Amino acid sequence: RNRKPNLTRRSSRCSSDWPPLASLREQGKCATKILPRTRTAIRKDVMRNTIRAIGKVSFSVFVLVAPALAQSRLETGAPPAAAGPDYDVSVGYTYLTMAIPAAGHVNLNGLDVSGRVDLNPRWGAMVDSNYVRTPNILGTKHDGYLLSIHSGPVFYPVDHGSTWTFVHVLAGVGLVDGAVPASDTEYHGWLSRFSYAVGGGVEHSVSGPFAVRVNGDYLRTAFFDSVGAVQPQNNFRVTTSLVFRLK
């Protein structure tokens, strides 16, 4: 009745019988073949860390936009001669096509949360967090996800009335949890590496402080192939968001 779950029965691809990942074991990066009894416990730990990461990003976005919100509530009388930066936050839906090295592509769906500050009519900066997942990776019976956190500059080349276009170049970290099918089995693991995104989109003001934003990105991440080598991933994502302008 009081037996503890067995967390030791697994065949590790970071062990000495898999040389390509011997150095990764020392770095804390591992790809493993996980037996059913250990998969649930490990998944809970991964999801707990993911939720913590999203919480940190949400706090960062709050820190970014809180001064603008406070200023907008405290301002009284005539407007100042020089306007300061404009702030906004957005929440939206993301569809992403992720490459599995030497195996194919898989489609993921999820949530995007971002904060942005416009320093002048042409330039701004943004912080973006994105979490997408899929219940099955290429028939391996493993689910997977991609968590990315990026920041960088935004440029507005064209605007027309209540509609304007933008381009951005973002850099940060991408955490990929996935699986790679092999000839006689499949391997499941995770990898966190430097990541970047390049893209652009269109934003249209709809009513008051609200706007709709549609953007597409090329997203570069990394994951293991079937022999344990780290390979780049060329991913493409599309995001549709509801924007709330704080100032």
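Structure first, text after, so check above.
Source: prediction; values computed, not measured.

Trainee: I'd like a description of the nonpolar core, backed by residues and values.
Mentor: Leu96, Met98, Ile100, Leu108, Leu146 and Phe223 are the most contacted members of the largest nonpolar core, which has 23 residues in total. Looking at this core, the element that brings in the most residues is strand β8 (residues 163-181), giving six residues. Look past the residues within four positions of Leu146 in its chain and what remains in contact with it is Met98, Leu108, Asn130, Tyr131, Val132, Leu175, Val176, Leu219, Thr221 and Asn235.

Trainee: Can you lay out the side chain of Arg237 for me, pointing to particular residues and giving the numbers?
Mentor: With respect to the secondary-structure elements, Arg237 resides in strand β11 (residues 230-245). Residues contacting Arg237, with those up to four places away along its chain left out, are Thr94, Tyr95, Leu96, Asp128, Asn130, Ser148, His150, Ala197, Asn215, Gly216, Asp217 and Leu219.

Trainee: Can you explain the environment of Phe223? Please cite residues and give values.
Mentor: Relative to the elements of secondary structure, Phe223 occurs in strand β10 (residues 210-224). C-alpha of Phe223 to C-alpha of Asp177: the two residues are 46 residues apart in sequence and 8.4 Å apart in space. Sequence-distant contacts of Phe223, defined by excluding residues within four places in its chain, comprise Pro101, Val176, Gly178, Ala179, Val180, Gly189, Trp190, Leu191, Ala229, Val230, Gln231 and Gln233.

Trainee: Tell me what's going on with the environment of Ser226, and back it up with residues and numbers.
Mentor: Looking at the secondary structure, you find Ser226 in the loop between β10 and β11. Each C-alpha atom of the pair Ser226 and Ala179 lies 9.2 Å from the other, and the pair is 47 residues apart in sequence.

Trainee: Tell me about the pairing of β11, residues and numbers included.
Mentor: One ladder, built from 10 bridges, connects strand β3 (residues 86-100) with β11; its direction is antiparallel. When the bridges of β11 are listed, Tyr95 appears paired with Val238. Sheet topology note: the β10/β11 ladder contains 15 bridges and is antiparallel. Opposite Asn215, over in β11, you have Thr239 as the bridge partner.

Trainee: Lay out the pairing of strand β5 (residues 123-134) with the relevant residues and their values.
Mentor: Two faces, one strand: in a regular strand the side chains alternate between the faces of the sheet. Taken together, the 10 bridges between strand β4 (residues 104-118) and β5 define a ladder with antiparallel strand orientation. Residue pairing in the sheet places Val113 in a bridge with Ser129 of β5. Counted between consecutive antiparallel strands, the loop separating β4 from β5 contains four residues.

Trainee: How would you summarise the packing of aromatic side chains if you had to cite specific residues and measurements?
Mentor: Scanning all chains against the criterion turns up seven aromatic pairs. On the basis of an interplanar angle of 50° and a centroid distance of 5.3 Å, the ring pair of Phe210 and Phe244 is categorised as tilted. Highlighted residues: Phe210 in strand β10 and Phe244 in strand β11, separated in sequence by 34 residues. The class of Phe210 is partly exposed, set by a relative accessible area of 36%. Taken together, Phe194, Tyr196, Tyr218 and Phe236 form an aromatic cluster joined through their ring pairs.

Trainee: Residue-level account of the side chain of Asp118, with values.
Mentor: Relative to the assigned elements, Asp118 resides in strand β4. Side chain to side chain, Asp118 and Tyr156 meet in a polar contact 2.5 Å long. Residues contacting Asp118, with those up to four places away along its chain left out, are Pro85, Asp86, Asp88, Trp123, Gly124 and Tyr156.

Trainee: Quick one: what's the story with empty space enclosed by the protein, residue by residue and with numbers?
Mentor: In total, this model carries two cavities of 30 Å³ or more according to the counting rule given. Taken as a whole, the largest cavity encloses approximately 100 Å³ of empty space. Asp112, Met126, Asp128, His168 and Asn215 are, among the 13 residues lining the largest cavity, the residues nearest its centre. Mapped by element, the contributors of at least two residues to the lining of the largest cavity are β4, β5, β8, β10 and β11.

The rules we used
Residues numbered from 1 in each chain as written. Predicted model: local features only at pLDDT ≥ 70, side-chain atom pairs only at ≥ 80, totals over all residues. Heavy atoms only, no water. Core = buried A, V, L, I, M, F, W, Y, C linked by side-chain atoms within 4.5 Å. Buried < 20%, exposed > 50% of the residue type's maximum accessible area, 1.4 Å probe, protein only. Helix = DSSP H or I, 4+ residues; strand = E, 2+ residues; numbered from the N terminus. Contact = heavy atoms within 4.5 Å. Pairing = 2+ DSSP bridges. Phe/Tyr/Trp six-rings, centres within 6.5 Å; stacked < 30°, edge-to-face > 60°. Polar contact = N/O pair within 3.5 Å; in protein donor to acceptor, adjacent residues only side chain to side chain. 1 Å grid on protein atoms, 1.4 Å probe; cavity = no way out; pocket = protein on both sides within 12 Å on 5 of 7 lines; lining within 4 Å. Points joined across faces, edges and corners; volume = space filled by probe spheres on them.

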